[in-house]
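Residue-level structure breakdown
Residues per chain are reported as follows:
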Amino acid sequence: MSDLDSPAAGAATGTDARAVTAVAKTRVEETAEPELETATALDEEAPAPKKKLGWFFWFCVAWVVIVILAAALADVLPLQDPTYIGISQNSGPSLAHWLGTDDLGRDIFSRLVHGAYVSVVVGFGSIAIGLAIGGTLGMISGFRRGLTDTIINAGSYVLLAFPALVALIAIVSFWGHQLWKITIVIGIFSAPLLFRVIRAATLPVATREFVLAARALGASDRRVLWREVFPNIAPAVVSFGLIGVATVIVLEGSLAFLGISVNPQIPSWGNMLNEGRSNLTTNPWITLWPALAMFLFLLALNLMGDRLRQHFDVTEVKL
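Below: a short report on this structure.

What counts, and where the lines are drawn
- Residues numbered from 1 in each chain as written.
- Predicted model: local features only at pLDDT ≥ 70, side-chain atom pairs only at ≥ 80, totals over all residues.
- Heavy atoms only, no water.
- Salt bridge = Lys/Arg side-chain N within 4 Å of Asp/Glu carboxyl O.
- Helix = DSSP H or I, 4+ residues; strand = E, 2+ residues; numbered from the N terminus.
- Buried < 20%, exposed > 50% of the residue type's maximum accessible area, 1.4 Å probe, protein only.
- Patch = residues over 30% accessible without salt bridge, like charges linked within 9 Å, V, L, I, M, F, W, Y side chains within 5 Å.
- Areas by Shrake-Rupley, 256 points an atom, 1.4 Å probe, with all protein chains shown as cover.
- Core = buried A, V, L, I, M, F, W, Y, C linked by side-chain atoms within 4.5 Å.
- Expected span 1.5 Å × (residues − 1).
- Arc of directions from axis to C-beta.
- Contact = heavy atoms within 4.5 Å.
- Phe/Tyr/Trp six-rings, centres within 6.5 Å; stacked < 30°, edge-to-face > 60°.
- Lys NZ or Arg CZ within 6 Å of the ring centre and 35° of its normal.
- Polar contact = N/O pair within 3.5 Å; in protein donor to acceptor, adjacent residues only side chain to side chain.

**Some words on the pattern of salt bridges**
As enumerated under the stated definition, the model contains 6 salt bridges in all. Two residues, Glu275 and Arg106, come together in a salt bridge whose shortest N-O distance is 3.4 Å. Residue Glu275 is located in helix H9 (residues 269–276), and its partner Arg106 is located in the loop between helix H2 (54–72) and helix H3 (108–144); the two are separated by 169 residues in the primary sequence. The class of Arg106 is buried, set by a relative accessible area of 10%.

Structure (C-alpha cells):
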C-alpha cells in the first residue's frame with residue numbers, strides 16, 4: 001500500500017481541505033463587511049422622505065384664500081352697508097342679520113367681512129415690506145460675510161434691542177392712523193427679525209457646491225443670489241413669513257383694541273373687539289364673531305407655516 005492510499009494520508013488531505021475552506025469563507029466575510037458598511041452608510045446618509053402636506057393643510061389654504069377674496073371683494077359682494085345705523089340694536093342672529101347687530105344697529109356680518117381687509121393688508125403688507133428690507137439685507141449679509149456681515153449684523157442687534165412696541169405706539173399716535181402708515185411702520189420694525197431668519201438660512205447655502213461653481217464661472221453676486229441662493233431659502237421665507245403675518249395681525253388688533261390703530265369708524269376686527277368690550281353682558285355677539293374670525297384665520301396661517309416647515313425640513317437647528 002502506498003503512502004497516498006493510507007488512512008493517515010486521507011485524514012491529512014481532509015484536514016487541509018477544511019482549512020482551505022475556512023480561509024476562503026473568512027476572506028468572503030471580510031470582503032462582504034466593507035460592502036455592508038458602505039450600504040449602511042448610504043442608508044444613513046439618504047435624505048428622509050418629505051412629509052405630505054395632507055388634506056388639512058389644503059383646508060387651511062382654502063380658508064385663507066376665502067378670507068382674502070372676501071376682504072378684496074367686500075365692496076362688490078351683496079352685503080349691507082357696514083356703517084348704516086339701523087333700528088334693530090343689539091339683536092341676535094336672524095335672517096335679516098346673519099350674525100346680529102351691534103349697539104348702533106350695524107350689521108355685524110357686513111362689518112366682519114369689511115374688517116378683514118384691514119387685517120389682510122396690514123398682515124401681508126407689513127411682512128412684504130419687512131422681507132423686502134430685512135430679507136434682502138439678510139441674503140447679502142449671509143452671502144458676503146466679512147465686514148459687510150459684521151456691520152449689518154451689528155445694526156440688527158441695535159434695532160432688536162430697541163423697544164419696538166413703545167416706538168410703534170408713539171409713531172402711530174404722532175404720524176397718523178391711516179392704514180398705509182400703520183403698514184409701513186410695522187413693516188420697518190419687523191425687518192430686523194426677518195433679517196435674522198433669512199441670514200441664518202443663507203449662511204449654509206452660500207457655501208454649497210453649486211453656489212461656488214456659479215461664482216467660479218464668473219456669475220455676478222446678484223445673479224448668484226437670485227438664481228442660486230434664493231430658490232433654496234424660499235421654503236424658509238414662506239414658512240416664517242406666514243407665521244409673521246399672523247403675529248402682525250395680532251399686533252394690529254392689539255393697537256385697535258387700545259384705540260390707536262385705524263379710524264374707529266372704519267370696520268376692522270380690532271375695532272369690533274374694542275367696541276364690544278362694553279357690551280359683553282348684554283350683547284356678546286359683537287365680540288364673539290370678530291374674535292372667532294381672527295382666531296380661525298390666525299390658526300390657519302400658523303398651521304400652514306408649520307406644515308410647510310415640516311414638509312421642507314426647515315428646522316431651527318439647521319437655521
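**Things to note about a nonpolar patch on the surface**
A contiguous nonpolar patch, built from Trp55, Phe56, Phe59, Trp63, Ile66, Trp285, Leu288, Leu292, Phe295, Leu296, Leu299 and Leu303 and spanning about 1,100 Å² of accessible area, is present on the exposed surface. Every element with two or more residues in the nonpolar patch is listed here: H2 and helix H10 (285–311). Examining the composition of the nonpolar patch, we find that 7 residues originate from one element, H10, more than from any other. Structurally, the position occupied by Leu303 is in helix H10. Judged by its relative accessible area of 32%, Leu303 is partly exposed.

**A few points about the nonpolar core**
Across soluble globular proteins, nonpolar side chains show a tendency to be buried alongside one another. With 42 residues, the main nonpolar core has Leu112, Ile186, Ile249, Trp269, Phe297 and Leu301 as its most contacted residues. Secondary structure elements with two or more residues in this core: H2, H3, helix H5 (164–175), helix H6 (179–205), helix H8 (221–257), H9 and H10. No other element matches H10, which puts 10 residues into this core. Counting 14 residues, the second largest nonpolar core, distinct from the first, contains Met139, Ile198, Leu225 and Ala236.

**A word on H2**
Compared with the 27 Å implied by 1.5 Å per residue over 19 residues, the 28 Å span of H2 between its first and last C-alpha is a close match. Taken together, the buried positions of H2 are occupied by Phe57, Cys60, Val64, Val67 and Ala71. With its buried residues spanning 90° around the axis, H2 presents them on a single face. For H2, exposure combined with an orientation more than 90 degrees from the buried face picks out Trp55, Trp58, Phe59 and Ala72. Looking at the buried side of H2, the elements it contacts are H3, H9 and H10.

**Focus: the side chain of Ser110**
Tracing the backbone through its elements, the reader meets Ser110 in helix H3. Look at Ser110 and you get buried, because its relative accessible area is 0%. What Ser110 contacts, discounting residues up to four positions off in sequence, is Leu79, Gln80, Asp81 and Pro82.

**Looking at the packing of aromatic side chains**
Under the defined criterion, the tally for this structure stands at 7 aromatic pairs. Considering the side-chain rings of Trp226 and Phe230, the 5.4 Å spacing of their centres and the 55° angle between planes classify their relative orientation as tilted. Taken together, the positions of Trp226 and Phe230, both in helix H8 and 4 residues apart, correspond to about one turn of that helix. Ring centres 5.7 Å apart and planes at 15° place the aromatic pair Trp285 and Trp289 in the stacked group. A residue pair is termed a helical-turn pair when its members lie 3 or 4 positions apart in one helix, as Trp285 and Trp289 do in helix H10 at 4 residues. Three or more aromatic residues link up through ring pairs in this structure, and these residues are Trp55, Phe56 and Phe59. One Lys or Arg, Arg277, reaches over the ring of Phe257 and ends 4.8 Å from the middle of that ring.

**Description of the side chain of Thr202**
Tracing the backbone shows Thr202 in helix H6. Only 2.7 Å separates the side chain of Thr202 from the backbone oxygen of Ile198, close enough to count as a polar contact.

**Notes on the environment of Phe312**
In this fold, Phe312 is placed in the segment after H10. Residue classification places Phe312 among the partly exposed positions, given a relative accessible area of 35%. Note: C-alpha distance between Phe312 and Ser239 (73 residues apart in sequence) is 9.2 Å.

Everything listed here is a matter of geometry and, on its own, says nothing about what the molecule does.
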